[in-house]
Amino acid sequence: MTETVSPARSLHGVVSVPGDKSISHRYAMLAAIAQGDSTIYNFATGADCHSTLACMGELGAGHEFSEQDGRRVLTVHGRGPNGLTEPKRRLDAGNSGSTIRMLSGILAAQPFTTTICGDESLARRPMARIIQPLSRMGAQIQAKDGQFPPLIIQGAELHPIDYAMPVASAQVKSAVLLAGLYAKGETIVREPTATRDHTEIALAELGADISVEPRVVKIRGGAPLTGKTLIVPGDLSSAAFFLVAALILPESDLIVSNVGLNPTRTALLDFLRSAGAPIKVLHIEQINGELIGTLQVRASRIDGGTIQGATTAALIDEIPALAVLGATSKNGLTVRDASELRVKETDRIATIAENLRRMNVQIETTADGFNVPGGQQFRAAELDSYGDHRIAMAFAVAALAADGRCTIQNAEAACVSYPEFFAVLRSIAA
Ligand code: S3P
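Residues numbered from 1 in each chain as written. Predicted model: local features only at pLDDT ≥ 70, side-chain atom pairs only at ≥ 80, totals over all residues. Heavy atoms only, no water.

1. Looking at the pairing of strand β12 (residues 209-213)
Okay, step 1: Looking at chain direction, β12 and strand β13 (residues 216-220) are connected through five bridges and run antiparallel. The partner of Val-212 across the bridge, within β13, is Val-217.
Okay, step 2: What sits between the antiparallel neighbours β12 and β13 is a turn of two residues, in which Arg-215 has the positive phi angle 60 degrees. (Pairing = 2+ DSSP bridges. Helix = DSSP H or I, 4+ residues; strand = E, 2+ residues; numbered from the N terminus.)

In structure tokens, the structure reads:
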């Protein structure tokens, strides 16, 4: 599908974003292996989290959506720690790296063999990072060329490991912790730099025996999880597109309500503030161990800067939006240590560069990042998401600031995390 985006002067009003994708995946998986039902509010609307729900359904843990006072509510029927059943067909993770990587931790402990596959993009994404630790715990995993989906996972009685992760990855950490839930004894995961901690928070919330120190997480297997009522905060990574658009469009004044502000996810806000962006937190509270708040942002030309090291890992999903912002900043944006971008839903360094160049914006790429000089104008162009949701949304933002109407091919990719994105964008752009 091709979307046409016209230039705008501002984003105005109050907007809420769909439930956080990372947290929704975790709640769907953990609720399925908990005892009893869980009631989940504001579950992500995107296709990725529905892939997780469908996989859990194939494993015997059903769910349904209902309406309560105009709110969509998800009920997941937990099967208890040993209640999952052998699926009749292979599981389909769709476009979702989180689904295949995290769910593999649970599948590794089941007394049956599961095949899990995904779409063309997922079939190119590296899985050795989970195969290695889960194999050490006792599972047998076959993959195409030793590292690509489909994965054939033969579960086993797992033993605990002490695992120092070679890459900073919340998905890998989560896979090992989920497997650790089933292992006899204490599983330890050590991270090279801090990554999002939603799994640790959700596990503690549902009753797991878990302890967290800086960059070291320990889980003792065997403690049963109990289903409960859970509220998913809005997704800050989706809100990022609106925050960036509001900064760029000169007459903007936007409020984003009920958005997740977990400190392991707010590196974006820290960077924007350090570059001079006027972003205020109007309200903040804690629900199910996660911080949720309301943000206000007004138009402002930011300084730009360099993103590298641990910061790159902490805001990796926001880099497509930041690349667009960098081009309009005073001094430009340099991104380093971001080779992970090359193995996301697309090679994001390549797809960012391709679209920026189509808009007559200069960018130099490196193996692990890029440099976008500041003070540039976006020329109207034909853009392409290349099937990547965050590229579709980032370039919708660039299109709003362009000197004429742009088209975005394969814009339906936005549905992976935010199906309502283009409609909401139109409702707040003027
Ligand atoms: C995610 C972790 C990150 C992120 C991805 C979602 C998660 O990937 O980029 O979109 O929900 O745990 P890594 O596991 O590579 O850090």
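So that's the structure; there's more coming.
2. A closer look at the packing of aromatic side chains
Okay, step 1: Considering all chains together, one arrives at six aromatic pairs under this definition.
Okay, step 2: For the pair Phe-421 and Phe-422, a centre-to-centre distance of 5.1 Å together with 80 degrees between the ring planes defines the contact as edge-to-face.
Okay, step 3: On the basis of relative accessible area, Phe-421 is assigned to the buried category, the value being 0%.
Okay, step 4: Within the aromatic cluster, the residues linked to one another by ring pairs are Phe-241, Phe-242, Tyr-418, Phe-421 and Phe-422. (Phe/Tyr/Trp six-rings, centres within 6.5 Å; stacked < 30°, edge-to-face > 60°. Buried < 20%, exposed > 50% of the residue type's maximum accessible area, 1.4 Å probe, protein only.)

3. Some points on the sheet that holds strand β15 (residues 253-260)
What links the strands of a sheet is backbone hydrogen bonding, and the strands pair in either a parallel or an antiparallel sense.
Okay, step 1: Pairing is mixed in the open sheet, where four strands are placed in the order β2-β15-β17-β16. Bordering the open sheet on either side are β2 (12-16) and β16 (279-287), each of which pairs with just one other strand. Adjacent strand axes in the sheet meet at a mean angle of 10 degrees when their direction is disregarded.
Okay, step 2: Note: β16 against strand β17 (residues 290-298), eight bridges, orientation antiparallel. Looking at β17, one finds that Val-281 is bridged to Leu-295. (Axes fitted to C-alpha atoms, helices over the stretch in contact; angles between N-to-C directions.)

4. Some remarks on helix α12 (residues 389-400)
Helical geometry note: an α-helix holds 3.6 residues per turn, so side chains three or four residues apart project in the same direction.
Okay, step 1: Spanning 12 residues, α12 covers 17 Å between terminal C-alpha atoms, matching the ideal 16 Å at 1.5 Å per step.
Okay, step 2: Taking burial as the measure, the 12 residues of α12 include 12 buried ones, the bulk of the element.
Okay, step 3: Those residues of α12 that sit buried are His-389, Arg-390, Ile-391, Ala-392, Met-393, Ala-394, Phe-395, Ala-396, Val-397, Ala-398, Ala-399 and Leu-400.
Okay, step 4: At the N-terminal end of α12, a side-chain oxygen is found 3.0 Å from the backbone nitrogen of Arg-390, two or three residues along, and the residue is Asp-388. (Expected span 1.5 Å × (residues − 1). Polar contact = N/O pair within 3.5 Å; in protein donor to acceptor, adjacent residues only side chain to side chain.)

5. Overview of the nonpolar core
When a protein is soluble and globular, its nonpolar side chains tend to lie buried together.
Okay, step 1: In this structure, Leu-11, Phe-242, Met-359 and Phe-370 are the most contacted members of the largest nonpolar core, which totals 80 residues.
Okay, step 2: If you tally residues by element for this core, the top one is helix α7 (residues 236-248), at 11 residues.
Okay, step 3: If sequence neighbours within four positions are ignored, Phe-242 has contacts with Leu-11, Val-15, Val-17, Leu-254, Tyr-418, Phe-421, Val-424, Leu-425 and Ile-428. (Core = buried A, V, L, I, M, F, W, Y, C linked by side-chain atoms within 4.5 Å. Contact = heavy atoms within 4.5 Å.)

6. Some details on the site of the ligand
Okay, step 1: Around the ligand, a shell composed of Ser-22, Arg-26, Ser-98, Ala-168, Ser-169, Ala-170, Gln-171, Arg-196, Ile-316, Asp-317, Glu-340 and Lys-344 is seen.
Okay, step 2: Between an oxygen atom of the ligand and a side-chain N or O atom of Arg-26, the distance comes to 2.6 Å.
Okay, step 3: One nitrogen or oxygen atom from the side chain of Ser-169 is found 2.6 Å from an oxygen atom belonging to the ligand.
Okay, step 4: Considered on its own, the ligand offers 380 Å² of accessible surface; in the complex 93% of this is hidden by protein. (Near = heavy atom within 4 Å. Areas by Shrake-Rupley, 256 points an atom, 1.4 Å probe, with all protein chains shown as cover.)

7. Looking at the pairing of β13
Okay, step 1: As paired elements, strand β11 (residues 186-190) and β13 share five bridges and run antiparallel to each other. Across the sheet, Thr-187 pairs through a bridge with Ile-219, a residue of β13.

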